[in-house]
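What the coordinates show
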Amino acid sequence: MSEFRADGSHTFGVMDYTVFASMLLVSAVIGFYHGCDIFNFKKNKPKAKNNAVGEFLTANGEMSTLPVALSMLASFLSSITLMGQPAEVYLYGPQLWLFGLSSLIIVPIVGNVMVPFFRDKNYTSAYQYFGDRFNRKLQFLTSFLFSIQMVLYLALVLYAPALAMHQVTGFNTMRIVTIMYVVCIFYTTLGGMKAVVWTDTFQVLVLYAAMVIILIKGTLDIGGVGVIWQRNTVFNRTDFFNFHLDPTERYTAFSSLIGSGFLHMAFYGGNQLQVQRYFTVKSNEQAKRMLWVNCFGWTIVVVLTVYTGMLIFAKYCYCDPLLTGAVKTPDQLFPLYVMETLKDYPGIPGLFIAGIFSAGLSTLSTGVNSLAAIWFIEMQHLFKDKLTDRQAGFTVKGIALLFGVLSYMMVFLVPYMGGLVPVAISLSGVFAGSIFGLFLLGMFVKRANSVGGTVGLVSSISLLVWLNIGALYSERMGQNVNPRLPASTAQCSANITSLFKDAGNSEDAMVLYRISYLWYCLIALSTTLIVGFVVSVISECLFPTNSEHFAAPNLMYCDKIHSSDKDSKVNQLLLCEEQTKCRATINTGSPYQSTTASS
């Protein structure tokens, strides 16, 4: 049973700590199992499969569909998502239920276009494409920008729930974050992709179990689904189909379906965290099935979090904890609900905390592994032909360890970032949209060159950073950006009986700052495409004699040029020669036949 603190909040009991510690122990054991040669060594393993880097980053393409699909789901989720989505429903209503449907709609596009594209190229880092299609500088820029936002996001993924837990349970924030990082870095660095996938699978199951148990118990306690629906109806929170065309409304059917559809497409079609998963299975068909399983799982999570938000609101609809000051931020609503509702059931609060941190751990492990893949490729020119397979394996593990430690160090800066924290979270979608736009620019716009690609990418990110910061600043100035739905304190024990302040009493922020964040990814993608194309055409007109220096060979024509032996200097020289021939044939329009491709 949970215990009370002096301020009236609850702390963990022995059973809660046991359940939570068990989740960490199982995760560590999985990493240890896959990381120790004494356990997974196979005498008859083919030499082609004994690739230390491939084993660490993609499990040499030997994984099964279901665990990788669950791992993809785990990397797409985060602890911020699991606490944030119920809070969004609590504040703005259930319109985001369409998130799940939008993900299912984009699966055929990603599965039939992006999955074969990446698997045919056989890139370790998705951003290698930019080096081939444009130039190495643009590849480095995208890798750098992705890494900056990812390192910060990974720090937030564990710090945000730890802070929320501290304020409703008494957990020491930095102590629990440190424990989480130590466990996650241990199994990720030791076990590589196999450890990441199998711990993700285990952690997703923990997450589902926690959500289902909490929702069943909460529904029974409050009097059934009918009570939940009735209380949400009173406060206008049962509108599941808002067909307003106003882009400044936080959630409408169009933004939740179309806007989030482009967000899903960007994440599944151009984000290293997801792209790397496509190489852990043996075929394109397995990767497509993996996408379907993953998106069905995500749809279930969305339904559960929407129902959770409605359940929490039904509990507090006449005594809003945000208005009374019982919690400081909306993210703390779900932890508060669990600790108050399930405090008399030993182990259930511990299971909830385990589920929340499982989502954080899965995102952290996936992020660290993906960053290792990106920077192993970026640094390859420093040690090409100098490392043995064993040394390369240790190198990529060292890079993973470095990024894990770097992300942990960023945790200490998070409390001093203030308003930059929500900006950093929302910018993860912005970077995904901008970079995916660059993929589309290179794949489908033949005239696009490196100048256009660079300017388009930078312009897109700059525009969305401005919109994010402007919206945040307007909120701080007391202006109306996205007003929440009404709430009440009429039945609180204290003498507080005021309704939430009418948004009409506040001055509206500038219309651009009120645009729903769900449209940000589409805006970012469109900006990259439009600016990239226009600048490419202008640069081509201004510097026609130098146009060949603006772009590497167009992979629409030269995508079959690959060296079959990456360690062969002879083949590398032949590859360079073929790239030069291909560049010339594109400029002259003459037919091109690759000799290395056939060999």
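Preceding block: the structure.
Residues numbered from 1 in each chain as written. Predicted model: local features only at pLDDT ≥ 70, side-chain atom pairs only at ≥ 80, totals over all residues. Heavy atoms only, no water.

Section: the nonpolar core
Phe20, Val110, Tyr181, Tyr268, Tyr278 and Phe357 are the most contacted members of the largest nonpolar core, which has 154 residues in total. What Tyr278 contacts, discounting residues up to four positions off in sequence, is Met72, Val110, Val115, Arg119, Tyr268, Ala287, Met290 and Leu291. Within the second largest apolar cluster, 7 residues are counted, among which are Leu464, Trp519, Tyr520 and Ala524. (Core = buried A, V, L, I, M, F, W, Y, C linked by side-chain atoms within 4.5 Å. Buried < 20%, exposed > 50% of the residue type's maximum accessible area, 1.4 Å probe, protein only. Contact = heavy atoms within 4.5 Å.)

A short note on empty space enclosed by the protein
Remark: the empty space left among the atoms is shown by a probe the size of a water molecule rolled over them. Across all of its chains, the model carries 3 cavities of 30 Å³ or more by this definition. In this model, the largest cavity occupies a volume close to 40 Å³. Residue lining of the largest cavity: Tyr127, Phe146, Gln149, Gly270, Asn271, Phe431, Ala432 and Ile435, and that is the complete set. Within the residue set of the lining of the largest cavity, elements represented by two or more residues are α8 (136–169) and α19 (420–444). Ranked by the residues each element gives to the lining of the largest cavity, the list is headed by α19, at 3 residues. Classifying every residue of the lining of the largest cavity by side-chain character gives 5 nonpolar, 3 polar and no charged. (1 Å grid on protein atoms, 1.4 Å probe; cavity = no way out; pocket = protein on both sides within 12 Å on 5 of 7 lines; lining within 4 Å. Points joined across faces, edges and corners; volume = space filled by probe spheres on them. Helix = DSSP H or I, 4+ residues; strand = E, 2+ residues; numbered from the N terminus. Nonpolar A, V, L, I, M, F, W, Y, C, P; charged D, E, K, R; others polar.)

Considering the side chain of Lys288
Inspection of the secondary structure assignment puts Lys288 in helix α13 (residues 284–316). The exposure class of Lys288 is buried, given its relative accessible area of 18%.

Examining the pattern of salt bridges
Any two side chains of opposite charge can pair, on the condition that their charged atoms come close. A full pass over the atoms with the stated rule returns 7 salt bridges. With a shortest N-O distance of 3.5 Å, Lys288 and Glu285 are connected by a salt bridge. Here Lys288 pairs with Glu285, and both are found in helix α13, just 3 residues apart, close to one helical turn. In this structure, Glu540 engages Arg447 in a salt bridge whose closest nitrogen and oxygen atoms are separated by 2.7 Å. Of this pair, Glu540 sits in helix α21 (residues 520–542) while Arg447 sits in the loop between α19 and α20 (450–476), placing them 93 residues apart in sequence. (Salt bridge = Lys/Arg side-chain N within 4 Å of Asp/Glu carboxyl O.)

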